[in-house]
Amino acid sequence: MSNIILIGFMGSGKSTIAELLAQKTGKELVDLDAEITKAIGMPITEYFATKGEAAFREIESLKLAEGLKSDAIVATGGGIVVAEANRQLLGQHPTVVYLQTDPQVLVQRIREDQLNQRPLADEKSDEEIIQLFMSRIHHYEASATLSIDTTDKAPSVVVAEILERLAMV
Ligand code: S3P
């Protein structure tokens, strides 16, 4: 079995699910946002404010390419599917899991999340966040080899479902 890559919008639970999947499977965990934060030496929000989104996306693509080389559980950032080069890279991997979530629930989770600052959500209205989600949804769907609905499910249930669908139980 090769790596398992999680994609989905902000608030879809990628980091939480990835951590649990890594525990269950014994695979290494690669969380791209954490890798990027280490590389830039400052919070992502600060990097967006000082260097801009384009600079962030360049590092994000580098870290994706690096992360995909390992046999790991890889949690991506919500914007990973925006760049075509990233989508092509994802397309070379057999296990790309899209964590599908109702947009209103995404907004609610983003607003309730005190731990993560999100430059592309914190200053936006609910409608703007949903618009951003809508502009990406076709990319998530097209990049995924497996889609799992997370809307009303506890993380442990989502993890069990992913492992079952991948026949890893
Ligand atoms: C982003 C999502 C964030 C982070 C950055 C940009 C996006 O990751 O990579 O703030 O463009 O959707 P999460 O999806 O883990 O919040």
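Not measured: the values here are computed from a predicted model.

So, how was this worked out
Residues numbered from 1 in each chain as written. Predicted model: local features only at pLDDT ≥ 70, side-chain atom pairs only at ≥ 80, totals over all residues. Heavy atoms only, no water. Near = heavy atom within 4 Å. Polar contact = N/O pair within 3.5 Å; in protein donor to acceptor, adjacent residues only side chain to side chain. Areas by Shrake-Rupley, 256 points an atom, 1.4 Å probe, with all protein chains shown as cover. Pairing = 2+ DSSP bridges. Helix = DSSP H or I, 4+ residues; strand = E, 2+ residues; numbered from the N terminus. Axes fitted to C-alpha atoms, helices over the stretch in contact; angles between N-to-C directions. Contact = heavy atoms within 4.5 Å. Phe/Tyr/Trp six-rings, centres within 6.5 Å; stacked < 30°, edge-to-face > 60°. Buried < 20%, exposed > 50% of the residue type's maximum accessible area, 1.4 Å probe, protein only.

Draft legend 1. Representation of the site of the ligand within the structure. Every one of the 13 residues lining the ligand counts as a neighbour, but Lys14, Asp33, Arg57, Arg118 and Arg136 are closest to it. Between the ligand and Asp33, the relevant distance is 2.7 Å, taken from an oxygen atom to a side-chain nitrogen or oxygen of the residue. Residue Arg57 places a side-chain N or O atom 2.6 Å away from an oxygen atom belonging to the ligand. In the complex, 95% of the free accessible area of the ligand, which totals 390 Å², lies under the protein chains.

Draft legend 2. Representation of the sheet that holds strand β4 (residues 96–100) within the structure. One open sheet accounts for 5 strands, arranged β2-β3-β1-β4-β5; its pairing is parallel. Taken across any chain shown, the strands that pair with only one partner, and hence form the sheet edges, are β2 (28–31) and β5 (146–149). Ignoring strand direction, the axes of neighbouring strands in this sheet form an average angle of 20°. Sheet analysis places β2 next to strand β3 (residues 72–75), joined by 4 bridges and oriented parallel. Each residue of the ladder has a partner; that of Asp31, found in β3, is Ala75. In the packing of helix α1 (residues 14–25) onto the sheet, the strands contacted are β1 (4–7), β2, β3 and β4, and the crossing angle to β3 comes to about 175°. Set on the sheet, helix α2 (residues 32–40) makes contact with β2 and β3; between it and β2 the angle comes to about 65°.

Draft legend 3. Spatial organisation of the packing of aromatic side chains. The final tally for this structure, using the stated rule, is 3 aromatic pairs. Each ring, one from Phe9 and one from Phe133, has its centre 5.4 Å from the other, and the planes form 70°; the classification is edge-to-face. Here Phe9 is found in the loop between β1 and α1, whereas its partner Phe133 is found in helix α7 (residues 126–143), with 124 residues between them in sequence. Residue Phe9 is classed as buried on the basis of its relative accessible area, which comes to 1%. The exposure class of Phe133 is buried, given its relative accessible area of 4%. Taking 4.9 Å as the distance between ring centres and 50° as the angle between the ring planes, the aromatic pair formed by Phe48 and Phe56 counts as tilted. Taken as a pair, Phe48 and Phe56 share a single burial class, namely buried.

In short, shape yes, function no, at least from these values alone.
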